[in-house]
Amino acid sequence: MRLVFFVDQVFWRDGPVLSTDESYILFLASFADFVDHITFIGREAPQPGRAPYVLDGSAFSLCAMPYYPDLYQLWRADPRIYGRIRAAVREQARNWDAIVISGPHPIGQLVARECIALGIPVILMVRQNFIEQMSAHRGLKGHAAVLAARLLEWDFKRMARGRTVFTVGKEMAESYGQFGRQVHNHFPCLVDRAQFDMFSKMSAGSDPTRLINVCRLAPEKGHRFLFEAMARLKQQGLYCHLDVVGVGAMDQELRELASALGIALQVTLHGYVPYGRPLFALYEQAGAMVLSSTTEGFPQVINESLSIGLPTVATTVGGIPSFLTDGETAMLVPPRDVPSLAGAIEKVVQAPQLRERLRRNGRALMQDNTLEANRARILGGLNDAIARHRA
């Protein structure tokens, strides 16, 4: 089978080597052992280079879209790019057996329609609540983004009729269940069996007040609510330290917010930390992982924290509440709820028995949900969808 994935990621070329800077690609690339060839449809960087996640070997190719910095600036692009994308898809699609479209996304939906017209099986993948993701942005830009997101999601749901849809989380599975022929709630995990064995030999730090947050510095990641929760705990006499790992446009804004809340000395913004020993060292000194997102698919750092046995506090967004159980495998709180977030952190810090239960149950959960297990579930759904299409 020659399988195609549309993903809105940037790909770099370094001679024959393709690479990208988003780790999700590793989950999709792992399908290479079970298909004849994988083509990714994504943006090609304007300059050659090599990003952290390398697609090694001849099993991968890129159907390159014209470059644009991000989805918000797509509307500024030369309108002729849509024609070029259609032409590229028509030229290459005769070699494709099936395509998986991650969306909602304006280019992804354009590509899907071209493939439908050519008789290629189209499978849809919904990784998070797109409307909620856009609503994290404020002002006129935020209102325009939410309106566009609603229109795109309406169109994506129309496209889902009679097709197989993979969603991350029960919320989106129920939302698309009214439209798709077969809707699967899936769990994209990057921790394979060998990595799980490695992580399970690591351990959380001895200081429960040492917290870590690993994600992009973007509005939808909810750092503001986490900082406010830390300030609230400080007022109650509980001093925690937070290591923030990640890069993004909000770096300076978060530094100013920490100062304004009086917690600047309790927050360390590390910026980019390479995956491997530098990041693992921060994991091993942390007492808990805390993620305060207002929208998500499923953060891969949760897979890592559970495998390590690092107690985890997270919001009930995306696929998180479908996979985790409050008080058993993680502490779950509503998004944007500062008192609940502060209360969950306080419980983890002050209750040794709770921390031990979260460590034990989190690792047990990950044993049955490694990359290999979740990949097998998706392959089964893909094969069923292709068989139905041919029939």
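This text gives an overview of the structure that appears in the document. (Residues numbered from 1 in each chain as written. Predicted model: local features only at pLDDT ≥ 70, side-chain atom pairs only at ≥ 80, totals over all residues. Heavy atoms only, no water.)

## Concerning the packing of helix H7 (residues 193–200) against helix H14 (residues 352–367)
- H14 packs onto H7 with a crossing angle of 165° between their chain directions and a minimal axis gap of 11 Å. Relative to H14, the element H7 lies roughly antiparallel. Two packed elements cross with a definite hand, and for H7 against H14 that hand is left-handed. Residues Arg-193, Phe-196, Phe-199 and Ser-200 of H7 touch H14, and the partners they reach there are Arg-363, Met-366 and Gln-367.
- Split into classes, the residues belonging to the contact of H7 with H14 amount to three nonpolar, two polar and two charged. (Axes fitted to C-alpha atoms, helices over the stretch in contact; angles between N-to-C directions. Helix = DSSP H or I, 4+ residues; strand = E, 2+ residues; numbered from the N terminus. Parallel < 35°, antiparallel > 145°, perpendicular 65-115°, else oblique. Left-handed = near helix turned anticlockwise from the far one by under 90°. Contact = heavy atoms within 4.5 Å. Nonpolar A, V, L, I, M, F, W, Y, C, P; charged D, E, K, R; others polar.)

## A word on the environment of Arg-43
- For Arg-43, the location among the structural elements is in strand S3 (residues 37–44).
- Sequence separation between Arg-43 and Trp-12 is 31 residues; the distance between their C-alpha atoms is 8.8 Å.
- There is a polar contact of 2.7 Å between the side chain of Arg-43 and the backbone oxygen of Tyr-68. (Polar contact = N/O pair within 3.5 Å; in protein donor to acceptor, adjacent residues only side chain to side chain.)

## Brief notes about the pattern of salt bridges
- For the structure shown, the criterion picks out 17 salt bridges.
- Salt-bridge contacts for Arg-50 lead to Asp-14; the nearest nitrogen and oxygen are separated by 3.1 Å. Of this pair, Arg-50 sits in the loop between S3 and strand S4 (53–55) while Asp-14 sits in strand S1 (residues 2–14), placing them 36 residues apart in sequence.
- Accessibility expressed as a relative area gives 35% for Asp-14, which makes it partly exposed.
- In this structure, the salt-bridge partner of Glu-220 is Arg-216, at a minimum N-O distance of 3.1 Å.
- Overall, the relative accessible area of 4% leaves Glu-220 in the buried class.
- The exposure class assigned to Arg-216 is partly exposed, which follows from its relative accessible area of 44%.
- Overlapping salt bridges bring together Arg-86, Arg-90 and Glu-114 as one network. (Salt bridge = Lys/Arg side-chain N within 4 Å of Asp/Glu carboxyl O. Buried < 20%, exposed > 50% of the residue type's maximum accessible area, 1.4 Å probe, protein only.)

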